[in-house]
Amino acid sequence: IDGKVNPQIFHMSWTKNKDNKIKFFQQMAEWYTEDKCIQRKRKDIADEDSSLVESCCLSEPNIVCHYRDKPSKIPCKDSDPIDKGHPSFW
């Protein structure tokens, strides 16, 4: 990491819940969090003297396919659709 900061905010108000939001971020290559840190309390991840950045932040996105009928960074042709009866995005 070069020390430069370029914060961005993106909000998905159309998703069902937090779990669904994470899936969309993963599929679009916008999820930079270790799986071990998802929806866990700090005390269960690292002690107070440890950095959550080192424990939880990834330098490259964690790309995971979930839905073939939604936009994705990589082809997700083998994933189930979220909206049954719709064609593959790819």
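Small disclaimer: the values here were computed from a predicted structure and weren't measured.

Rules used throughout
Residues numbered from 1 in each chain as written. Predicted model: local features only at pLDDT ≥ 70, side-chain atom pairs only at ≥ 80, totals over all residues. Heavy atoms only, no water. Helix = DSSP H or I, 4+ residues; strand = E, 2+ residues; numbered from the N terminus. Buried < 20%, exposed > 50% of the residue type's maximum accessible area, 1.4 Å probe, protein only. Polar contact = N/O pair within 3.5 Å; in protein donor to acceptor, adjacent residues only side chain to side chain. Contact = heavy atoms within 4.5 Å. Salt bridge = Lys/Arg side-chain N within 4 Å of Asp/Glu carboxyl O. Disulfide = S-S within 2.5 Å.

Participant: Explain the side chain of serine 55 residue by residue, including any values.
Facilitator: As for its position among the elements, serine 55 is in helix H3 (residues 52–56). The class of serine 55 is buried, set by a relative accessible area of 15%. Side-chain polar atoms of serine 55 contact the backbone oxygen of serine 51, separated by 3.2 Å. Among all residues touching serine 55, those that are not within four sequence positions of it are Glu34, Lys36, Cys37, Ile45 and Ala46.

Participant: An account of the environment of proline 87 is needed here, citing residue identities and associated values.
Facilitator: Structurally, the position occupied by proline 87 is in the segment after H3. Along the chain, proline 87 and aspartate 69 lie 18 residues apart, while their C-alpha atoms are 6.0 Å from each other.

Participant: Describe helix H1 (residues 18–27), naming the residues involved and giving the relevant values.
Facilitator: Turning to H1, its buried residues are Asn20, Ile22, Phe24, Phe25, Gln26 and Gln27. N-cap assignment for H1: the residue whose side-chain oxygen lies 3.1 Å from the backbone N of aspartate 19 is asparagine 17.

Participant: Describe in detail the pattern of salt bridges, supporting the description with residues and values.
Facilitator: Following the criterion strictly, the structure yields 1 salt bridge and no others. We note a salt bridge from aspartate 83 to lysine 70, for which the minimum N-O separation is 2.6 Å. Of this pair, aspartate 83 sits in the segment after H3 while lysine 70 sits in the segment after H3, and the two are 13 residues apart along the sequence. On the basis of relative accessible area, aspartate 83 is assigned to the partly exposed category, the value being 31%.

Participant: Please provide a residue-by-residue account of the environment of glutamate 60, values included.
Facilitator: Relative to the assigned elements, glutamate 60 resides in the segment after H3. Sequence separation of glutamate 60 and glutamate 30 is 30 residues, and the distance between their C-alpha atoms is 9.1 Å.

Participant: A description of the state of the cysteines should follow, citing residues and the corresponding values.
Facilitator: Tallying each qualifying case throughout the model produces 2 disulfides. Across the disulfide from cysteine 37 sits cysteine 56; the S-S distance is 2.0 Å. With the S-S bond torsion at -85°, the cross-link from cysteine 37 to cysteine 56 turns out left-handed. Of the two residues, cysteine 37 sits in the loop between H1 and helix H2 (42–45) while cysteine 56 sits in helix H3, which places them 19 residues apart along the sequence. Residues cysteine 37 and cysteine 56 agree in their burial class; the two are buried. Paired by a disulfide, cysteine 65 and cysteine 76 hold their sulfur atoms 2.1 Å apart. Across the S-S bond linking cysteine 65 and cysteine 76, the dihedral sits near -75°, which makes this disulfide left-handed. With a gap of 11 residues between them, cysteine 65 in the segment after H3 and cysteine 76 in the segment after H3 connect regions that are remote in the sequence. For the chain, the disulfide bridges join cysteines in the arrangement 1-2, 3-4, where the cysteines are counted in sequence order. Free of any disulfide, cysteine 57 has its nearest neighbouring cysteine sulfur in cysteine 56, separated by 6.5 Å.

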